Amino acid sequence: MGRGLKGFLRKLFKGLFARRKELNLGLYGPPNGGKTTLANRITLDWLGEEMGKTSPIPHETREIHLKEVVIKKGKKQLRFNLVDTPGIATKIDYEDFLKAGLPEKEAKKRAREATKGVIDAIKWLDNMDAVIVVLDATKDPYTQVNITIIGNLEARNIPILIVGNKIDLKRANLKKLERAFPQYKVIGISAKYGDGMDKFYEELFKLVK
Amino acid sequence: MSPRKNTIEIQVLSMKELKGLSHVARVHKILNMVKEQRILLLDGNLEPSEEAELIKDTMKQVDRKFPGIEIGVLRIGEKDRTIGTRIREFFEKLLFGHKKGITIIGPANIVREIKQDPDKAILLMELKK
């Protein structure tokens, strides 16, 4: 079945049976791309409070976090559930957490929880209405995890916005991200410092219109 | 049969071997081979849903000995595809059930990283003494 027809049927089914007014906006990506930092930036901007804890050690977010947010642009208003998801990875080695300085017991616990987090993040793809793919703009975008995430969103006809985060760092290369995913809108932000957020909110309105 | 100790086995697997299997069975077969410390080269691509299933199943099996997998896909002819190429690919996919390309999957305790870009894939392996 063609993607267009599948998308049409999906919308029709939702409209007829689901009667769901809530909009789930997911933050997806590999670990340490800055999903939670972006979630915190959004909730700080619009709710005045942070949403989750961040850490330089990967897999700090190991559970799905959800918060209702309302953003405004002129007379327009957008209400959605912001869904911060654990980073998707193909490997989780507890020894990496040991190297990052965690005690053994904590490293093992983190690894165990992180594997469950990856599974949950993938399962939650079916609940999303739109997704922001958060990628670290200083890193190589041509990874299979990135391609798998985007491929699965495409297959479900879920609108995608790609965000290249950490543009405050010298190594950031937004052009490379744009070349890797030419079929999508790619915008650069620094979730940590708030750079590029006006453009981000502007694109968010377009994404879920 | 698992590879001998201190050896690395690279197995080239035709997608025809996986044809007729359900998505779950395909993923199961691939993961079992990789868990036996083999690096697989498949002459095709998995569907995005199969890749997601592979990641989920991998996560369920992560333990001290098996930290997960590395996966990379070299998509042949992805760039500059003409309408004719796209039509041919459509029928190839219809007939053979997969897209053109090479998929590399290996255990993460051996394959440290797969660097990929549209034109090449580089396998970085950890050789333990």
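The residue count restarts for each chain, going from 1 along the sequence in the order it is written. Ligands are numbered from 1 and chains lettered from A, in the order in which they are written. Residue-level local features of this predicted model are given only where pLDDT is at least 70; pairs of side-chain atoms are given and counted only at 80 or more, and the full residue set underlies all totals for whole chains, interfaces and linings.

(A) Fine view of helix H2 (residues 48–61) of chain B. Note on conventions: DSSP H or I runs of at least 4 residues are helices, E runs of at least 2 residues are strands, and numbering of each starts at the N terminus. A helix is expected to reach a length of 1.5 Å times the quantity of its residues less one. When the terminal C-alpha atoms of H2(B) are compared, their 20 Å separation across 14 residues agrees well with the 20 Å that a helix rising 1.5 Å per residue should span. A residue is called partly exposed when the number of other C-beta atoms within 10 Å of its own lies between 12 and 20, exposed at 12 or fewer, and buried at 20 or more, with C-beta atoms placed from the backbone. Among the residues of H2(B), those classed as buried are B:Glu51, B:Ala52, B:Glu53, B:Leu54, B:Ile55, B:Thr58 and B:Met59.

(B) The interface of chain A and chain B, seen in detail. Residue pairs qualify as contacts under a 7 Å threshold applied to their C-beta atoms, which are placed from the backbone. With 17 residues of chain A at the interface, the matching set in chain B holds 21 residues. If you tally residues by element for the side of chain A that touches chain B, the top one is helix H5 (residues 144–155) of chain A, at six residues. Residue polarity follows a fixed list, in which Ala, Val, Leu, Ile, Met, Phe, Trp, Tyr, Cys and Pro are nonpolar, Asp, Glu, Lys and Arg are charged, and the others, Gly among them, are polar. Taken together, the residues of the side of chain A that touches chain B break down into eight nonpolar, six polar and three charged.

(C) Representation of the nonpolar core. One finds A:Ile88, A:Val118, A:Ile132, A:Val133 and A:Val163 to be the most contacted residues of the largest nonpolar core, which totals 69 residues. Residue contributions to this core peak at six residues, all from helix H4 (residues 104–123) of chain A. In contact with A:Ile88, not counting residues within four places along its chain, are A:Tyr28, A:Pro30, A:Val118, A:Ala121, A:Ile122, A:Val145, A:Ile149 and B:Ile55. A set of buried Ala, Val, Leu, Ile, Met, Phe, Trp, Tyr and Cys residues, joined to one another through C-beta atoms within 7 Å, is what we call a nonpolar core.

(D) Inspection of unusual backbone geometry at higher detail. Look at A:His59: it is not a glycine, yet its phi comes out positive at around 65 degrees. Take A:His59: it is sitting in the loop between helix H2 (35–47) and strand E2 (65–73). Despite not being glycine, B:Gln37 shows a phi value in the positive range, around 65 degrees. When the 19 C-beta atoms within 10 Å are taken as the criterion, B:Gln37 is described as partly exposed.

(E) Broad picture of the sheet that holds E2(A). Residues and elements named next belong to chain A. The mixed open sheet is built from six strands, whose spatial order is E2-E3-E1-E4-E5-E6. Here the strands that pair on one side only, and so sit at the sheet edges, are E2 and strand E6 (186–188). This sheet shows a mean twist of 30 degrees between the axes of neighbouring strands, independent of strand direction. Sheet topology places strand E5 (residues 160–165) next to E6; three bridges connect them, and they run parallel. Looking at E6, one finds that glycine 164 is bridged to glycine 188. Between any two strands, at least two bridges found by DSSP are needed for them to pair. For helices, the fitted line uses only the C-alpha atoms of the stretch in contact; every axis is such a line through C-alpha atoms, and the angle between N-to-C directions lies from 0 to 180 degrees.

(F) Spatial organisation of the sheet that holds strand E2 (residues 38–42) of chain B. Residue and element names in this part refer to chain B. The four strands lie next to each other as E1-E2-E4-E3, forming an open sheet whose pairing is mixed. Pairing within the sheet leaves two strands with one partner each, and these edge strands are strand E1 (9–13) and strand E3 (69–74). For this sheet the average axis-to-axis angle between neighbouring strands, irrespective of direction, equals 15 degrees. Here six bridges tie E3 to strand E4 (residues 102–107), and the two strands are oriented antiparallel to one another. Paired with glutamate 70 across the strands is glycine 106, a residue of E4.

(G) A look at the pairing of strand E5 (residues 111–117) of chain B. All names here are of chain B. Where E5 meets strand E6 (residues 120–125), six bridges bridge the pair, whose relative direction is antiparallel. Of the residues in E6, the one forming a bridge with lysine 115 is isoleucine 122. The antiparallel pairing of E5 with E6 creates a hairpin that spans two residues between the two strands.

Purely geometric stuff here, so don't read any function into it on its own.
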